[in-house]
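Here's the letter readout for the chains.
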Amino acid sequence: MTVIDLLNRAKSQGVMIATAESCTGGMVAAALTDIPGSSAVVERGFVTYTDTAKQEMLGVRIDTLEANGAVSEEVAQEMAEGALHHSQAQLAVSITGIAGPGGSEHKPEGRVCFGLAAVGQPTRTETVEFGALGRENVRKAARDHALLMLLSSVS
């Protein structure tokens, strides 16, 4: 899979993409926009590193954050759905996780939650335990996983 394949498939289907990123800090949007012509597909990207940003920019509910924590499939779902709602995109991916260093017994380093929302379809969420690969490697692995999720939805 290449990012070019993803962009070409999305363009051929008339699908615009939005991203909602926390621990990756915009790496998915950057990977997409590194390719010339990506403006035909990339609608916008949200970098919502803090809980406040998640609430203000994406409409993530404080109740969801308090009940589940920012690193949860529930928050990933609301992030992805919020990205759709606050954009003109038809497809959105979200990422929230613990890139490291550190973590806790309940939320270890390398745990990343993803959401994939598409107009007219139920939102998919998943959690991947990348492990303590180090901050840079967890972030790259999360970026690549999100790109694969996007590709799978336009295949």
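In case you missed it, the structure is sitting above this.
Our subject in this report is the structure included herewith. (Residues numbered from 1 in each chain as written. Predicted model: local features only at pLDDT ≥ 70, side-chain atom pairs only at ≥ 80, totals over all residues. Heavy atoms only, no water.)

1. Considering the pattern of salt bridges
Summed over the entire model, instances satisfying the criterion amount to five salt bridges. Between Lys140 and Glu136 there is a salt bridge whose closest N-O contact spans 2.9 Å. Here Lys140 pairs with Glu136, and both are found in helix α6 (residues 135-154), just four residues apart, close to one helical turn. The exposure class assigned to Lys140 is partly exposed, which follows from its relative accessible area of 33%. Taking the relative accessible area as the measure of exposure, Glu136 reaches 52% and is therefore exposed. For the salt bridge of Asp144 with Arg143, the shortest nitrogen-to-oxygen distance reads 2.9 Å. (Salt bridge = Lys/Arg side-chain N within 4 Å of Asp/Glu carboxyl O. Helix = DSSP H or I, 4+ residues; strand = E, 2+ residues; numbered from the N terminus. Buried < 20%, exposed > 50% of the residue type's maximum accessible area, 1.4 Å probe, protein only.)

2. Section: the packing of aromatic side chains
Considering all chains together, one arrives at one aromatic pair under this definition. Where Phe114 meets Phe130, the ring centres are 6.4 Å apart and the plane angle is 80°; that geometry is what we call edge-to-face. Of this pair, Phe114 sits in strand β4 (residues 111-118) while Phe130 sits in the loop between β5 (124-129) and α6, and the two are 16 residues apart along the sequence. By relative accessible area, which is 0% here, Phe114 ends up buried. (Phe/Tyr/Trp six-rings, centres within 6.5 Å; stacked < 30°, edge-to-face > 60°.)

3. Quick word on the sheet that holds β4
Here five strands make up an open sheet; going across it, the order is β2-β1-β3-β4-β5 and the pairing mixed. In the strand order of this sheet, the two ends are held by β2 (42-47) and β5, each with one partner. Within this sheet the neighbouring strands show an average axis-to-axis angle of 15°, counted without direction. Here β4 runs beside β5; their pairing, made up of six bridges, is antiparallel. By the bridge assignment for β5, Gly115 is matched with Thr125. The strands touched by α6 within the sheet are β1 (17-21), β3 (91-97), β4 and β5, with β4 carrying the most contacts at an inclination of about 25°. (Pairing = 2+ DSSP bridges. Axes fitted to C-alpha atoms, helices over the stretch in contact; angles between N-to-C directions. Contact = heavy atoms within 4.5 Å.)

4. A word on helix α1 (residues 3-12)
Considered for burial, the residues of α1 that qualify are Val3, Leu6, Leu7 and Ala10. For α1, the angular spread of buried residues about the axis comes to 95°, placing them on one side. Turning to α1, the residues buried within the fold contact β1, α2 (27-33), β2 and α6. The first or second residue beyond α1 is Gly14, which carries a positive phi of 70°. (Arc of directions from axis to C-beta.)

5. Details of helix α3 (residues 51-58)
All of the buried residues in α3 are Ala53, Lys54 and Leu58. For α3, the angular spread of buried residues about the axis comes to 100°, placing them on one side. Against the buried residues of α3 lie β1, β2, α4 (62-68), α5 (73-85) and β3. Gly59 sits one or two positions beyond α3 and adopts a positive phi of about 80°.

6. Observations regarding the nonpolar core
Core analysis: the biggest nonpolar cluster contains 31 residues, and Leu32, Phe114 and Leu150 have the highest contact counts within it. Elements that contribute at least two residues to this core include exactly α1, α2, β3, β4 and α6. Residue contributions to this core peak at nine residues, all from α6. Apart from the residues lying within four places of it in its own chain, the contact partners of Leu150 are Leu6, Ile17, Val28, Leu32, Leu91, Val93 and Leu116. (Core = buried A, V, L, I, M, F, W, Y, C linked by side-chain atoms within 4.5 Å.)

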